[in-house]
Every structure is written in structure tokens, then in C-alpha cells.
Amino acid sequence: MTAQELLQALEARYDAIDARLESAGAGDRDALRQDIVGFFRETESAIEGLAALKERIRGLVERYKALPAPAPAPAQPQTIVSDHIGSSTYVERGWTAIASGDPKRAVKELERALELAPNDPHAESLLGWAQMLREQYDDALMTYYKVLMKDPNNPLARVNLGYICLKKGIFGEAIEHLSRAIRQESDRKAQIYAHLYMGMLYLEREMYDDARSFFGRTLELGPGMLEAWWETGRAYYLEGRLAEAADAWRTGHQANRFNLWGERCGKALAQLEAGEPVTDGV
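Reference entry: report on the structure contained in this document. (Residues numbered from 1 in each chain as written. Predicted model: local features only at pLDDT ≥ 70, side-chain atom pairs only at ≥ 80, totals over all residues. Heavy atoms only, no water.)

**Some remarks on the overall build of the protein**
Thinking step 1. Across its full length, the protein carries 13 helices and 0 strands.
Thinking step 2. For the protein, the α and β elements follow one another from N to C terminus as α-α-α-α-α-α-α-α-α-α-α-α-α.
Thinking step 3. Here the protein holds 282 residues, and the buried ones make up 40% of them.
Thinking step 4. Contacts in the protein between residues at least 24 apart in sequence constitute 51% of all its contacts with a sequence separation of at least 6.
Thinking step 5. About 16,400 Å² of surface is accessible on the protein, with carbon and sulfur atoms providing 51% of the total. (Helix = DSSP H or I, 4+ residues; strand = E, 2+ residues; numbered from the N terminus. Buried < 20%, exposed > 50% of the residue type's maximum accessible area, 1.4 Å probe, protein only. Contact = heavy atoms within 4.5 Å. Areas by Shrake-Rupley, 256 points an atom, 1.4 Å probe, with all protein chains shown as cover.)

**Concerning the packing of aromatic side chains**
Thinking step 1. What the rule picks out here adds up to 8 aromatic pairs.
Thinking step 2. Pairing W129 with Y193 gives two aromatic rings, centres 4.4 Å apart and planes at 90°, and the pair type is edge-to-face. Remark: Y193 occurs in helix α9 (residues 188-204) and W129 occurs in helix α5 (residues 121-133); sequence separation between them is 64 residues.
Thinking step 3. The class for W129 is buried, based on a relative accessible area of 0%. (Phe/Tyr/Trp six-rings, centres within 6.5 Å; stacked < 30°, edge-to-face > 60°.)

**With respect to a negative patch on the surface**
Thinking step 1. Taken together, E11, D15, D18, E22, D138 and D139 make up a surface patch of like negative charges.
Thinking step 2. Among the secondary structure elements, those contributing two or more residues to the negative patch are α1 (3-22) and α6 (137-150).
Thinking step 3. At 4 residues, α1 tops the list of elements feeding residues into the negative patch.
Thinking step 4. For D138, the position within the fold is in helix α6. (Patch = residues over 30% accessible without salt bridge, like charges linked within 9 Å, V, L, I, M, F, W, Y side chains within 5 Å. Salt bridge = Lys/Arg side-chain N within 4 Å of Asp/Glu carboxyl O. Lys, Arg positive; Asp, Glu negative; His and termini not counted. Charge placed at Lys NZ, Arg CZ, Asp CG, Glu CD.)

**Thoughts on the side chain of T232**
Thinking step 1. Structurally, T232 is set in helix α11 (residues 226-239).
Thinking step 2. According to the relative accessible area criterion, T232 is buried, its value standing at 8%.
Thinking step 3. Those residues in contact with T232 that sit more than four places away from it in its chain are R212, F215 and A248.

This is the structure:
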């Protein structure tokens, strides 16, 4: 079975379960739960298998490179040394790009970091994050499963797996990953984003008070996290509390109007004050 055929088979199974849910009743809950859990585990296993196969393909590449060159002169032997000092510069640039809302540049910087220091778990975690923000969810899943195979408790990987599950509408798995990251308390960056994404999950489920509670905790942990002000404004706006939405967006905009999220807060505030519907992601 080709990778495309495997993907089509998994999508067909998803569609079948989705169709059953449309007409399901209380008596179908247990059977559906078992099918969904089994489907998730099967998909997770397939992803892990593909990740392992990808690594084996790297071995084929290395073996190919070791074949004798056709030129008569022998090639000069080269020693590949991981350059963690040089890599750290690109890792820092990658993180800066993520924080400033430029995931495309972040992917480029982090891929360069991994060329200099292959298998660096921190660079891999950030690469998965950048891929996720570009909505390259399958690539991000592959990256994070690779990270978790080496470090099952990696909090940043857990946080962003939670976000991917959130975007795919798999709320139970998202809560599990995000809650686990919150409980670890070993990585401040992961803590901040775990609370932010948990707030986004509750906002998606229209549980506005719970969502704002998590956004508030996000701002306690990271006062400069202006995305939390944007999401707080969304929570108020979607609930119909326009004055509170305006206050939240005004605060986010005034905190840093040149930041991507501060700029979005300012745009939403201007639309709201002009009596127009807020159209930017609300």
C-alpha cells in the first residue's frame, strides 16, 4: 500500500465514523468511543511507522553517498561534526520568527539549525511549532512524534500536539496533551502556550468564562503575550459583550501596536468603534 493509499484508507475510516455520529444515539456511545480510540491509535501508529521509515530512508541516502565516485581521483574524506554553537544562532532566529508571527521564516531558520546540529530536540520542537503555525499539520505531527520517541515528556511537543488536535476538532485528546503540559511546570514557554491553547479550546466550545480564565492565566505567566489579549477580546465579542471586547483589544493594541497581535487588536478595535463587524478571524 502506498502512502497515498494509506491516507485515503484512513480518511475513508474517518468519514465512516463521522457519518455514524450524525445519526448516533445514546446507545451508540460505547461502540463509537471504542472505534474512535482505536482509529486514533491506528493513525498514531501509522505516523510513528512513517517517521521511522523516514529515518531509515536517511540511512539509504548515507549509504548512497558512500558509493565510490566515478571520478578517477579519490574524494577527500570529510568529517561531519555537529555545530551546536552555530546552530544556536539559527534556533534563536527561528524562535524570534515564531514569536513575531513569521512561521515561514522560522521553518527556514530551524531547518538550517538542524543541518548544523542534526537531531537537536529543541530545534526539532520549534520546527514542529513553525510547521504547525503554517498549518502543515501532517509535517508537524511527524516532527513531534520523532521528538516524543526520544523524549516522551517533552512539554513543548505535548503543547503543540494539543493545538493540532484542537485544530482538527479532537477536543478530548487536545485537553489530555495540554493538561499534561500544564502539570509538568518544567518549561515556562510551554506553560504559557498550554494555557493559551486551552483557552482557545474552551472558546471553540463557547465556554467563554473558562476561556477567559485561561487567557488571564496566560497573561499572568507572560505579560507580553498579546495574542491572549486578542483572544480575550474574541471571547467577549462572540458572547456579545462588545464594550469588554473593546477594552481587551485596546489594552492589547496599546501594549505594543507594532507587534502582530497588537496590530490585530488595533484593527478589530477600529472596526468595532466604527460600528462595523469585526472580520479578522472572529
